[in-house]
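Spelled out, the chains give:
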Amino acid sequence: MLTLTCPYCGVAAEETELAPGGEAHLTRHGPGSSDTDFEGYLFARQNPRGVLFERWRHAYGCGKWFLAARDSVTLQVFGAYPAQTTAPPDDLVAAIRAARPGWQPPAAVSAHPDGRTGDDYALNPTPARDTLA
Amino acid sequence: MSAPHTQRRSGRYSVFAIAREAMRLHSGWGRAWASPEPRSRYQVVIVGAGGHGLATAYYLGKNFGITDVAVIEKGWLGGGNTGRNTTIIRSNYLQDPSAAIYDKALKLYETLSQDLNYNVMFSPRGLIMLAQTEHEKRGYLRTVNANLLQGVATRWVEPAELGRLVPIMNLAGPRYPVLGGLYQERGGTARHDAVAWGYARACSDMGMHIIQNCEVTGVETAGGRVRAVNTAKGRIECDKLAMVVAGHSSVLAGMAGFRLPIESIALQALVSEPIKPCLDVVVMANTVHGYLSQSDKGEMVIGGGTDGFVNYTQRGSWHHVEETVRALIETFPMLSRLKMLRQWGGIVDMTGDRSPILSRTPVEGIFVNCGWGTGGFKAIPGSGWAMAELVAKGTPGPLAAPFGLERFAEGRFIDESVAAGVAH
Ligand SMILES: Cc1cc2nc3c(=O)[nH]c(=O)nc-3n(C[C@H](O)[C@H](O)[C@H](O)COP(=O)(O)OP(=O)(O)OC[C@H]3O[C@@H](n4cnc5c(N)ncnc54)[C@H](O)[C@@H]3O)c2cc1C
Ligand SMILES: [Zn+2]
């Protein structure tokens, strides 16, 4: 069973005590942002096969949200840290690098490659907006 | 470049073939499909030899005459979710686009064995979704009405009739009394491996290449267009690339430089020891996250809800199995006396609206078919049909059009999460 140590109360919490909350460190795009950014924030996910950062809530414990680094293939846990941050702590990143040589932290995530804007990628099948194929 | 096909292939299967082989001690059966070495170029490369990838290839050949096709599989064909699912087939969805593609699939399943000359053991034994809360009852009554408008025959059944249809069921609760059910008499099951094998054999007969044990490790693009894939057996060029890899869709998309609205989650199932026939319909109990059917061998085939977090291991968490079984034994008390034989997991590709993606992508020439999540076995023929059209024409036909990636930007969801409520 997956066990994560809650960075607030220090309890080594089993999976059944925790509620998963999905990918961590998403940049929150809101009103005024581009459609592409907003879509990316809401829906596009890294979903990596390997090291990932994710949100968890100590649901049946202190109730607080925290973040954790884990490997989605081996289920190895690298560590957990408080949620009030926009990037994982340096020592955690160093520990992951040591365990996974060659691993790079995900770059600032963008839903689409090449820096093209959302309108270039309008995939609507109606011919008027049909910019692909 | 390709090696000579020395292995003898199977001919047409028939009662005469069985009689002939019986006379010569079954020495004459050939291979169901060929195992060629890849060529350096194909018109269409399909990544993933699960049901959806193979069906896409089949209908590309059958409906569009495109046979210069390779289906590239990192493991063995059908070894992903296609060979790991609980084989429930139904088309009683709430939203119109879903009903259209799932019912197309069901109709194709009805004649698939004849079409493929391969027995996929389609068994339309009927399917019941139990309502065990007032809320769920209202939801299913709404679905019955929606299905009526869609031309998908379903009906509401009262508890008394349910008791006759499913004698092993405890209707009284106490925690989750059975208040009725949504009944689709055309629903049922099929043999999952046979669906993959039947399509593979038919594709091989059309001259397509099915290349197993060959992982795709990279996607080469130039000027926003696909050029080739790198594989364990070398570089293979293609005009069009279809990514049909379920739980690995984000990995493949990452190779081509775009992201998908997908999370890969473990979903588990288990089977009991074989017992005498006691259940001749499929029963889903969505409130308690459990569903079951009885296989032809007599095993009770049981599935439940997904695990909660991103996981690529094909192993789920034990407590989810416990939850499923705990919930089911209230409604099916006889299960408590059964030994469970096997338990396993698959990596399912979940979208936010619990509907699939059949779409063009930011890279020209690359198409994705994914997001079938916990419920795509039932869709295989319809999905392949629609995907073949998308790949062949470059634009989606009526079945695929609502399922494009642009629906996320537009906020035009095909919300089946409330309607289905559970994995299956
Ligand atoms: C436990 C469980 C129960 C289920 N129960 C039901 C049910 O009752 N009814 C229902 O309708 N659906 C059910 N499903 C869902 C259903 O199994 C899937 O939606 C469906 O099988 C998906 O088929 P597919 O062809 O898209 O994927 P898969 O069958 O997973 O095929 C994808 C293939 O891609 C290959 N691949 C991945 N990466 C690469 C790469 N880099 N290079 C080459 N090949 C690659 C994989 O090896 C795999 O063989 C269930 C799923 C599970 C796990
Ligand atoms: Zn805590």
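Residues numbered from 1 in each chain as written. Chains lettered and ligands numbered in written order. Predicted model: local features only at pLDDT ≥ 70, side-chain atom pairs only at ≥ 80, totals over all residues. Heavy atoms only, no water.

**Student:** I would appreciate a short explanation of the overall build of chain A in the present structure.
**Tutor:** Within chain A one finds 2 helices and 6 strands. Here chain A holds 133 residues, and the buried ones make up 35% of them. A separation of at least 24 residues holds for 46% of the contacts in chain A among residues at least 6 apart in sequence. Accessible surface for chain A amounts to roughly 7200 Å². Of this, 52% is attributable to carbon and sulfur atoms. (Helix = DSSP H or I, 4+ residues; strand = E, 2+ residues; numbered from the N terminus. Buried < 20%, exposed > 50% of the residue type's maximum accessible area, 1.4 Å probe, protein only. Contact = heavy atoms within 4.5 Å. Areas by Shrake-Rupley, 256 points an atom, 1.4 Å probe, with all protein chains shown as cover.)

**Student:** Looking at this structure, how should I read the overall build of chain B?
**Tutor:** Each helix and strand in chain B was counted, giving 12 helices and 18 strands. Here chain B has a C-alpha radius of gyration of 22 Å; the compact-globule value for 424 residues is 22 Å, and the two agree. Burial statistics for chain B: of 424 residues in total, 61% are counted as buried. Once local pairs closer than 6 in sequence are excluded, the contacts in chain B between residues at least 24 apart make up 75%. Accessible surface for chain B amounts to roughly 16100 Å². Of this, 54% is attributable to carbon and sulfur atoms. Separation of charge centres in chain B, based on 43 positive and 36 negative side chains, amounts to 5 Å. (Rg over C-alpha atoms; globule rule 2.2 N^0.38 Å. Lys, Arg positive; Asp, Glu negative; His and termini not counted. Charge placed at Lys NZ, Arg CZ, Asp CG, Glu CD.)

**Student:** Just checking my understanding: could you explain the coordination of the zinc ion (ligand 2) for this structure?
**Tutor:** Ideal coordination angles are 109.5 degrees for a metal with four donors arranged tetrahedrally and 90 or 180 degrees for a metal with six donors arranged octahedrally. Residue and element names in this part refer to chain A. Every protein donor of the zinc ion (ligand 2) is listed here as C6 (SG), C9 (SG), H58 (ND1) and C62 (SG), and their distances to the metal cover 2.0 to 2.3 Å. Classification of the site at the zinc ion (ligand 2) rests on its 4 donor atoms, whose angles at the metal span 100 to 120 degrees, yielding the label tetrahedral. Along the chain, the residues donating to the zinc ion (ligand 2) are arranged with the sequence spacing C-x2-C-x48-H-x3-C. (Donors = N, O, S within 2.8 Å, 3.2 Å for Na, K, Ca; no water. Tetrahedral: all angles 85-135°; square planar, octahedral: opposite > 155°, others 65-115°.)

**Student:** Can you help me understand the site of ligand 1 in this one?
**Tutor:** Residue and element names in this part refer to chain B. The environment of ligand 1 is formed by 37 residues, the closest being E73, N81, T82, T86 and K378. Between an oxygen atom of ligand 1 and a main-chain N or O atom of T87, the distance comes to 3.3 Å. In this structure, an oxygen atom belonging to ligand 1 sits 3.4 Å away from a main-chain N or O atom of G373. Starting from 1000 Å² of accessible surface for ligand 1 in isolation, the protein chains cover 97%. Elements represented by at least two residues in the shell around ligand 1 include exactly α2 (51-64), β12 (263-272) and β16 (340-350). The element best represented in the shell around ligand 1 is β12, accounting for 3 residues. In terms of residue class, the shell around ligand 1 is made up of 14 nonpolar, 18 polar and 5 charged. (Near = heavy atom within 4 Å. Polar contact = N/O pair within 3.5 Å; in protein donor to acceptor, adjacent residues only side chain to side chain. Nonpolar A, V, L, I, M, F, W, Y, C, P; charged D, E, K, R; others polar.)

**Student:** It is not clear to me how helix α7 (residues 192-205) of chain B should be interpreted in this structure. Could you clarify?
**Tutor:** Each full turn of the α-helix corresponds to 3.6 residues, which orients residues three or four apart in the same direction. All names here are of chain B. Relative to the 20 Å expected for 14 residues at 1.5 Å per residue, α7 spans 20 Å between its end C-alpha atoms, a close match to the ideal helical length. Of all the residues in α7, the buried ones are H192, D193, A194, V195, A196, G198, Y199, A200, R201, A202, C203 and S204. In this structure, the buried residues of α7 make contact with α2, α3 (96-110), α4 (112-116), β8 (209-211) and α10 (380-393). Remark: G207 follows α7 within two positions and exhibits a positive phi of approximately 90 degrees. (Expected span 1.5 Å × (residues − 1).)

**Student:** In this structure, what is going on with the sheet that holds strand β6 (residues 77-82) of chain A? I would like to understand it.
**Tutor:** All names here are of chain A. Pairing is antiparallel across the open sheet formed by 4 strands, whose spatial order is β3-β4-β5-β6. Since the sheet does not close on itself, it has two edges, and those belong to β3 (19-23) and β6, each with one partner. Strand-to-strand twist of the sheet, defined as the mean angle between neighbouring strand axes without regard to direction, takes the value 30 degrees. As paired elements, β3 and strand β4 (residues 51-57) share 3 bridges and run antiparallel to each other. (Pairing = 2+ DSSP bridges. Axes fitted to C-alpha atoms, helices over the stretch in contact; angles between N-to-C directions.)

**Student:** In this structure, what is going on with the UniProt feature "domain: Rhodanese" (unreviewed entry) in chain B? I would like to understand it.
**Tutor:** Residues annotated in UniProt with the feature "domain: Rhodanese" (unreviewed entry) correspond here to residues 44-88 of chain B. Its end C-alpha atoms 30 Å apart, residues 44-88 of chain B is made of 31% helix and 20% strand. (UniProt positions renumbered as here; feature names shortened; annotations may be inferred.)

**Student:** Please clarify how the pattern of salt bridges should be interpreted in this entry.
**Tutor:** Should the charged atoms of two oppositely charged side chains come close, the side chains can pair. All names here are of chain B. Counted according to the given criterion, the structure contains 25 salt bridges over all chains. Note that E237 is salt-bridged to R41, the shortest N-O span being 3.3 Å. Of this pair, E237 sits in strand β11 (residues 234-243) while R41 sits in strand β1 (residues 41-47), and the two are 196 residues apart along the sequence. Here R41 falls in the partly exposed class, since its relative accessible area comes to 37%. Several salt bridges converge on common partners, so that one network encompasses R41, E220, R235, E237 and D239. (Salt bridge = Lys/Arg side-chain N within 4 Å of Asp/Glu carboxyl O.)

**Student:** Even after reading the chapter, I still don't get the interface of chain B and chain A, so can you show me in this structure?
**Tutor:** When the parts of a complex come together, some accessible area is lost, and that lost area is often used as the size of the interface. Contact residues are listed per partner, giving 35 residues for chain B and 37 residues for chain A. Summing both sides of the interface, chain B and chain A together bury roughly 3000 Å²; the carbon and sulfur share of this comes to 57%. Looking at the side of chain B facing chain A, the largest losses of area belong to R259, F309 and R360 of chain B, adding up to 27% of the total buried there. At the junction of chain B and chain A, the tally comes to 0 salt bridges. Across the chain B-chain A interface, the total number found is 10 residue pairs in polar contact (both at pLDDT 80 or more). (Buried area = accessible area lost by both parts, 1.4 Å probe.)

**Student:** Explanation requested: the packing of aromatic side chains in the structure shown.
**Tutor:** Note on aromatic pairs: each is described by the distance of the centres and the angle between the planes. Inspection of every chain in the model, using the stated rule, returns 15 aromatic pairs over all chains. Between the aromatic rings of W56 of chain A and F309 of chain B, the centroid separation amounts to 5.5 Å while the plane-to-plane angle is 55 degrees, which identifies the pairing as tilted. Note that W56 of chain A is positioned in strand β4 and F309 of chain B in strand β15 (residues 300-310), a pairing that runs across two chains. W56 of chain A sits in the buried class, given a relative accessible area of 0%. Residue class for F309 of chain B comes out buried when judged on its relative accessible area of 5%. A cation sits over an aromatic face here: K64 of chain A above Y8 of chain A, 5.3 Å from the ring centre. In this arrangement the basic side chain of K104 of chain B is found over the ring face of W385 of chain B, its NZ or CZ atom lying 3.8 Å from the centre. (Phe/Tyr/Trp six-rings, centres within 6.5 Å; stacked < 30°, edge-to-face > 60°. Lys NZ or Arg CZ within 6 Å of the ring centre and 35° of its normal.)

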